[in-house]
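Next come the chains, spelled out residue by residue.
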Amino acid sequence: MILSHQLTPDEKEKVKQLKTKINNANSADERKDYETQLISLMERIFIRYKLQRRNEL
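Right, let's walk through the structure included here. (Residues numbered from 1 in each chain as written. Predicted model: local features only at pLDDT ≥ 70, side-chain atom pairs only at ≥ 80, totals over all residues. Heavy atoms only, no water.)

1. Describing the side chain of Glu11
Test applied: Under the DSSP-based scheme used, a helix requires at least four consecutive residues in state H or I and a strand at least two consecutive residues in state E, with every element numbered from the N terminus. Three labels apply to residues, based on accessible area from a 1.4 Å probe with only protein chains included: buried if under 20% of the type maximum, exposed if over 50%, partly exposed otherwise in between. Residue contacts are counted whenever heavy atoms from the two residues lie within 4.5 Å of one another.
Here Glu11 shows up in helix H1 (residues 9-24). Given the relative accessible area of 13%, Glu11 is considered buried. Here Glu11 is in contact with Gln6, Ile45 and Arg48, once residues within four sequence places are set aside.

2. Re the pattern of salt bridges
We count it as follows: Salt bridges are defined by distance alone: a side-chain nitrogen of Lys or Arg within 4 Å of a carboxyl oxygen of Asp or Glu.
By the definition in use, this model includes 1 salt bridge. Here Arg48 ties to Glu11 by a salt bridge, and the two come within 2.6 Å at their closest N and O atoms. With Arg48 in helix H2 (residues 28-53) and Glu11 in helix H1, the pair connects residues that are 37 residues apart, well separated along the chain.

This is how it looks when you write it as structure tokens:
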């Protein structure tokens with residue numbers, strides 16, 4: 001699990017922007033696109049975090 005204090009300021013801002021876009025989406029397709037972007041971002045952050053914990057990055 002990744003906690004918010006483990007995110008960089010840029011990552012926090014990107015997550016915040018995507019959440020805002022999801023909430024303000026005009027259509028279901030637009031919302032789904034933003035949700036997919038958010039999931040991809042969180043997956044990349046999670047993988048980086050796991051690698052750092054293993055001292056592989």
